[in-house]
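Structural characterization, general
Chain by chain, the residues:
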Amino acid sequence: CKVMHLLFRTILVLNLLASAVSFECGHRFGLFRNPYDCTSFYQCDEWWAIKKNCSSGTWFDEEGHICNWPEYVKCWEELECMYYDQEAAPISEDVRSQRQSTCMFNHVVAESVEPGRKKNPLNVKIVEEILTEEIFIKAFPNANAPYTYTNFLKAIATFPSVCKAEDHCKQELGNMFAHFQQETAGLFYIEEINKFPYCSQWTPWVLKNFPCSPGQLYYGRGAKQLSWNYNYGAFSQAMYGDPRVLLDNPDLVATTWLNFASGIWFFVAPQPPKPSMLDIVSGSWQPNEAEIAANILPGLGATTMVINGAKECGPNPSNPTASLNRQRYYTSFAGALGLDISGEKLDCKDMLPFSTAGSANPAIYWDPDYNCRLVNWQTAFSALVDGNYQRCLDSK
């Protein structure tokens, strides 16, 4: 009888441990929505979190603390994107501010998006109003099969800061599409022609955290032509909380809605001392004296400097036609979207590179070699990715 009682208690503890997945209660008590799934929630008892599921067909309503029918629940399409390590992780005001534009919904949100769906996130609805499927197909008549309008909407849903306001959305879409056009010949190429391995093994933190999987190559894929194992690993960690997902399956970046999501991830992510392309387009970034002296001013040209400045910008670039192509594409997309780009600086021929003297050089990485303090140099643990502080601590 004692053996049976002990066995029962052991099974109970194991079940509790299985349900207490990585959710930060942070000294809180009560019921809280699952940030990744509307159909479940967490019961918090200070630090201890127990995951619970709603009845079939219902969603958790955090306002009423009950499970209810979806039409009565505010979920992905209304609630703001949240970082659940906000209280536990030591972040700066710079990081807190930057997180407002880089916050991502879990992939389950995107996978439920369909054109015209009533429960689509608000930014998706804004895009649908501005960019119909007919306009999309006309803009990219030679698009490869995986580059669908639906897949683009799914990618938009993952990044609630993109097209969150109608007055900026046209400019964001026009800028984004100009670069997609240049990188993929009009969304024709889903992968790079030159199948170079792009496997970085010479940097210790890359080798430890984003090792190349046997038999996999990390050549350019998707609308931004995502390349190198450390970029696949970082994108996978941001999207799935696990770098191995895309390190083991890089073709997903070419054949699924991740083809657009990887490009938008690059669009919203800053690369100090370069600001994010989104911050340039939305006006969140403003040049300081050093950047003005370097002729880096808001507009398409500055985003070209971000994406490929070393080869396309300045007085004698190694690729002298690429920036001109981007300007031509941007002008064309602006016309299709009804966007006024008069007065915007489109070229980058007189720009100097972004420097550490600029306005976009915050410490946004945690370094395990420095007790997971925020640092200015790149590590595997961006403070703009939820949960990375704990991952940094665990890696020490």
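Thresholds, definitions, all that
Residues numbered from 1 in each chain as written. Predicted model: local features only at pLDDT ≥ 70, side-chain atom pairs only at ≥ 80, totals over all residues. Heavy atoms only, no water. Helix = DSSP H or I, 4+ residues; strand = E, 2+ residues; numbered from the N terminus. Rg over C-alpha atoms; globule rule 2.2 N^0.38 Å. Buried < 20%, exposed > 50% of the residue type's maximum accessible area, 1.4 Å probe, protein only. Contact = heavy atoms within 4.5 Å. Areas by Shrake-Rupley, 256 points an atom, 1.4 Å probe, with all protein chains shown as cover. Lys, Arg positive; Asp, Glu negative; His and termini not counted. Charge placed at Lys NZ, Arg CZ, Asp CG, Glu CD. Core = buried A, V, L, I, M, F, W, Y, C linked by side-chain atoms within 4.5 Å. Disulfide = S-S within 2.5 Å. 1 Å grid on protein atoms, 1.4 Å probe; cavity = no way out; pocket = protein on both sides within 12 Å on 5 of 7 lines; lining within 4 Å. Points joined across faces, edges and corners; volume = space filled by probe spheres on them. Axes fitted to C-alpha atoms, helices over the stretch in contact; angles between N-to-C directions. Parallel < 35°, antiparallel > 145°, perpendicular 65-115°, else oblique. Left-handed = near helix turned anticlockwise from the far one by under 90°. Pairing = 2+ DSSP bridges. Phe/Tyr/Trp six-rings, centres within 6.5 Å; stacked < 30°, edge-to-face > 60°. Arc of directions from axis to C-beta. pLDDT = per-residue confidence, 0-100. Nonpolar A, V, L, I, M, F, W, Y, C, P; charged D, E, K, R; others polar.

**Topic: the overall build of the protein**
A tally of regular secondary structure across the protein gives 17 helices and 8 strands. Over its C-alpha atoms the protein spans a radius of gyration of 22 Å, differing by no more than 12% from the 21 Å that the globule rule assigns to 396 residues. If one aligns the C-alpha atoms of the protein with their principal axes, the spans along those axes are about 85 × 50 × 45 Å. Considering the protein as a whole, with its 396 residues, one finds that 51% of them fall into the buried category. Taking all contacts inside the protein whose residues are at least 6 apart in sequence as the whole, residues at least 24 apart take part in 62%. When the accessible surface of the protein is split by element, carbon and sulfur atoms take 55% of a total near 18900 Å². Of the side chains in the protein, 31 bear a positive and 42 a negative charge, and the two mean positions are spaced by 4 Å.

**Here we look at the nonpolar core**
One finds L131, F136, F152, V162, F260 and I264 to be the most contacted residues of the largest nonpolar core, which totals 97 residues. When residues of this core are assigned to their parent elements, the largest contribution, 8 residues, is made by helix α12 (residues 258-268). Filtering out sequence-adjacent residues up to four positions away, F136 remains in contact with L131, Y147, T148, Y149, F152, F177, L187 and F260. Residues F23, C25, F32 and A49 belong to the second largest nonpolar core, which totals 7 residues.

**Comments concerning the state of the cysteines**
Overall, the coordinates contain 5 disulfides when judged by the stated rule. Paired through a disulfide, C163 and C169 show a sulfur-sulfur distance of 2.1 Å. Of note, the bridge from C163 to C169 carries an S-S torsion of about 80° and is right-handed in sense. The pair C163 / C169 is uniform in exposure class, with both members buried.

**Points about empty space enclosed by the protein**
The final tally for this structure, using the stated rule, is 2 cavities of 30 Å³ or more. One number sums up the size of the largest cavity: a volume of about 50 Å³. Sorting the residues of the lining of the largest cavity by element identifies α7 (166-184) and α12 as the ones contributing at least two each.

**Quick notes on the packing of helix α15 (residues 300-312) against helix α16 (residues 322-337)**
At a minimum axis distance of 10 Å, the contact between α15 and α16 shows a crossing angle of 155°. Between α15 and α16, the interaxial angle falls into the category roughly antiparallel. For the pair α15 and α16, the crossing hand works out as right-handed. On α16, the residues that touch L300, T304, I307, N308 and E312 of α15 are A322, S323, R326, Q327 and Y330.

**Notes on the sheet that holds strand β2 (residues 37-46)**
An order of β1-β2-β3 is seen for the 3 strands of this open sheet, with the pairing classed as antiparallel. A strand with exactly one partner marks an edge of an open sheet, and here the two such strands are β1 (28-34) and β3 (48-53). The sheet shows a mean angle of 20° between the axes of neighbouring strands, direction not considered. Relative to β2, β1 runs antiparallel, the two sharing 7 bridges. Counted as the bridge partner of L31 is Q43 from β2.

**A short note on the packing of aromatic side chains**
Scanning all chains against the criterion turns up 25 aromatic pairs. Ring geometry for F152 against F177: centres 5.3 Å apart, planes inclined by 55°, an arrangement best described as tilted. Taken together, the positions of F152 in helix α6 (residues 149-158) and F177 in helix α7 put the pair 25 residues apart, joining distant regions of the chain. F177 matches F152 in its accessibility class, with the two residues each being buried. When the centroid spacing of 5.3 Å and the interplanar angle of 65° are considered together, the rings of Y370 and W377 count as edge-to-face.

**Quick word on helix α2 (residues 93-102)**
Buried residues of α2: V95, Q98, R99, S101 and T102, and no others. Viewed end-on, α2 has its buried residues packed into an arc of 160°, placing them on one side of the element. Turned more than 90 degrees from where α2 packs its buried face, E93 and Q100 sit exposed. Those residues of α2 that are buried are in contact with α12, α13 (277-282), β6 (365-367) and β7 (373-375).

**Let's talk about the confidence of the model for the protein**
Considering every residue of the protein, the mean pLDDT works out to 90; 93% of them sit at 70 or more. This model gives residues 2-21 a pLDDT under 50, and the stretch forms 11 contacts once residues within four places in sequence are excluded.

**Quick word on the packing of α7 against α12**
At a closest axis distance of 11 Å, the pairing of α7 and α12 adopts a crossing angle of 115°. Crossing handedness for the pair α7 and α12: right-handed. For the pair α7 and α12, the contacting residues are E172, N175, M176 and F180 in the first and F260, G263, I264 and F267 in the second. Across the contact of α7 with α12, the residue classes tally to 5 nonpolar, 2 polar and 1 charged.

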